[in-house]
Every structure is written in C-alpha cells, then in structure tokens.
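Chain by chain, the residues:
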Amino acid sequence: MSVLVDALKDCGALQFGDFTLASGAKSKYYIDIKKASTNPKVLKLIAESMAEQLRTTDIKVDRIAGIVLGSIPLATALSLETGIPYVMVRKEKKDHGTGKMIEGVLNPGEKVLVVEDVITSAGSSVTSIGILRDAGAVVEDIFSVIDREAGGAEALKEIGVRFLPLVRASELLE
C-alpha cells in the first residue's frame, strides 16, 4: 500500500499540529481524507485499492454503504469501480423531505459493505451499522481508508463486523 500512503501524503491529507478529532480525542496529527477524496487521482486509487481488497478477500456484497458526508465519495467511486450499487446512510434524521435515514435502494436481507474514510473509535460506524441492520441489511464487513489504531477495530469486532483498513496510521506516520 506504499503507493496509497505516498498519494495521501502528496495530496496534503496528513497534517501535523494540535487537533480535536470527531471522537473528542486530542491528536498531534490529522488525516484530512477530504483532500484525498476530492482529488480524482487519489480517489481513483482508493477505489481501485478497495475493489482489489474485495476481490482478494472474496467478499460478496449486494450494496455498498457510505456514511454522510465523508465516505460518500468513497462509496460512489467504489460503486463505479465495481458496478455494485450503493446507499447513503445519514447520521441524523432530516425534518424535511422523506426523513429517511438511508437514501437509495436497500432490500431486507441484502449483504452490505460499509466504507469509511477514517476510523478512530468507530462510534459513527457502529451507529450507522445499527441503522443498516435495523433496515434489514446484513453487515459483516467494513473497509476504511485509514485506521487510526485507536480502538475502532475492537469496537467493530464487538458487534460482529470485520474491519479491513487500507492503511494503518502507523504506516502513514513512518
């Protein structure tokens, strides 16, 4: 994955300073995946890497799920790369329109692969997986671009989900 690590560094996704993460944790580095996902070359590389991971792990899914907002470009790109349809999962219910938590077509019993940008504690991932499961989806696997190695893998294992990151923070920080 050194090509992906280099691409993430080259596009400016890795930043150093004092940051507060979505989990509330403090960090001396930040991974701005939006810099990567808004760069067509890096986004394509991420999608190709995730598609290759799907093939090599022999995971078969009916849908891909992206969580609003950060992982939607990743889900879209992976969908285009593989031909697998995707859905978008909201973090909170809208009070206008249809008010749905899941946008797109999702049929009960379908196997869904969740894709994420960065996983730290996996709190939002666990919540989104619950939303998908409540809608009848079977969620057994989650891919992410980055594993910050801060408890996310353990939290996902506790709910019976296999976590397959493309890059671990320790690799990015080498």
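Participant: Would you take a moment to explain the packing of helix H1 (residues 2-10) against helix H3 (residues 40-57) for this structure?
Facilitator: When two helices pack together, their arrangement is given by the angle between the helix axes and the distance between those axes. It is the contact of H1 with H3, at a shortest axis distance of 10 Å, that shows an interaxial angle of 155°. It follows that H1 is roughly antiparallel to H3 by the angle criterion. In the packing of H1 onto H3, the handedness of the crossing is left-handed. Contact residues: Val3, Leu4, Ala7 and Leu8 in H1; Val42, Leu45, Ile46 and Ser49 in H3. Taken together, the residues that form the contact of H1 with H3 break down as seven nonpolar, one polar and no charged.

Participant: Would you explain the sheet that holds strand S5 (residues 102-103) in this entry?
Facilitator: Each strand in a sheet pairs with its neighbour through backbone hydrogen bonds, running either in the same direction (parallel) or in the opposite one (antiparallel). Strand order in the open sheet formed by six strands is S5-S4-S3-S6-S7-S8, with mixed pairing between adjacent strands. Two strands lie at the open edges of the sheet, namely S5 and strand S8 (162-168), each paired on one side alone. Looking at chain direction, strand S7 (residues 138-147) and S8 are connected through six bridges and run parallel. For Phe143, the partnering residue across the bridge sits in S8 and is Leu164. Each of S7 and S8 touches H1; the most contacted strand, S8, lies at about 65° to it. Relative to strand S6 (residues 111-119), helix H5 (residues 123-134) is tilted by about 165°, and along the sheet it contacts strand S3 (63-67), strand S4 (86-89), S5, S6 and S7.

Participant: Looking at this structure, I do not really get the layout of surface pockets. What am I missing?
Facilitator: One way to see where empty space is left: roll a probe the size of a water molecule over the atoms. Quantified by volume, the largest pocket comes out at close to 520 Å³. Around the largest pocket, the lining comprises 24 residues; the ones closest to its centre are Ala22, Lys91, Asp117, Val118 and Ser124. Elements with a contribution of two residues or more to the lining of the largest pocket: strand S2 (26-31), helix H2 (33-37), S6 and H5. Looking at side-chain class alone, the lining of the largest pocket contains 11 nonpolar, eight polar and five charged residues.

Participant: What should I look at first to understand the nonpolar core in this one?
Facilitator: For soluble globular proteins, nonpolar side chains are generally found buried alongside one another. Ranked by internal contacts, the top residues of the largest apolar core, which has 37 residues, are Leu8, Ile46 and Val115. The greatest single-element share of this core, amounting to eight residues, is contributed by H3. Residues contacting Ile46, with those up to four places away along its chain left out, are Leu4, Ala36, Leu74, Val145 and Leu166. Formed by 20 residues, the second largest nonpolar core is a distinct cluster that contains Ile67, Ile129, Leu132 and Ala137.

Participant: Explain the pairing of S6 to me, please; I cannot follow it from the model alone.
Facilitator: For a regular strand, side-chain orientation follows a simple rule: the groups alternate between the two sheet faces. Most of S6 sits inside the fold, with seven of its nine residues counted as buried. Here four bridges tie S3 to S6, and the two strands are oriented parallel to one another. Each residue of the ladder has a partner; that of Ile64, found in S6, is Leu113. As paired strands, S6 and S7 are joined by eight bridges and run parallel to one another. Among the inter-strand pairings, Glu116 is bridged to a residue of S7, identified as Ser144. For the crossover from S6 across H5 to S7, the handedness is right-handed.

Criteria and thresholds
Residues numbered from 1 in each chain as written. Predicted model: local features only at pLDDT ≥ 70, side-chain atom pairs only at ≥ 80, totals over all residues. Heavy atoms only, no water. Axes fitted to C-alpha atoms, helices over the stretch in contact; angles between N-to-C directions. Helix = DSSP H or I, 4+ residues; strand = E, 2+ residues; numbered from the N terminus. Parallel < 35°, antiparallel > 145°, perpendicular 65-115°, else oblique. Left-handed = near helix turned anticlockwise from the far one by under 90°. Contact = heavy atoms within 4.5 Å. Nonpolar A, V, L, I, M, F, W, Y, C, P; charged D, E, K, R; others polar. Pairing = 2+ DSSP bridges. 1 Å grid on protein atoms, 1.4 Å probe; cavity = no way out; pocket = protein on both sides within 12 Å on 5 of 7 lines; lining within 4 Å. Points joined across faces, edges and corners; volume = space filled by probe spheres on them. Core = buried A, V, L, I, M, F, W, Y, C linked by side-chain atoms within 4.5 Å. Buried < 20%, exposed > 50% of the residue type's maximum accessible area, 1.4 Å probe, protein only. Right-handed = clockwise from strand over helix to strand, strands pointing away.

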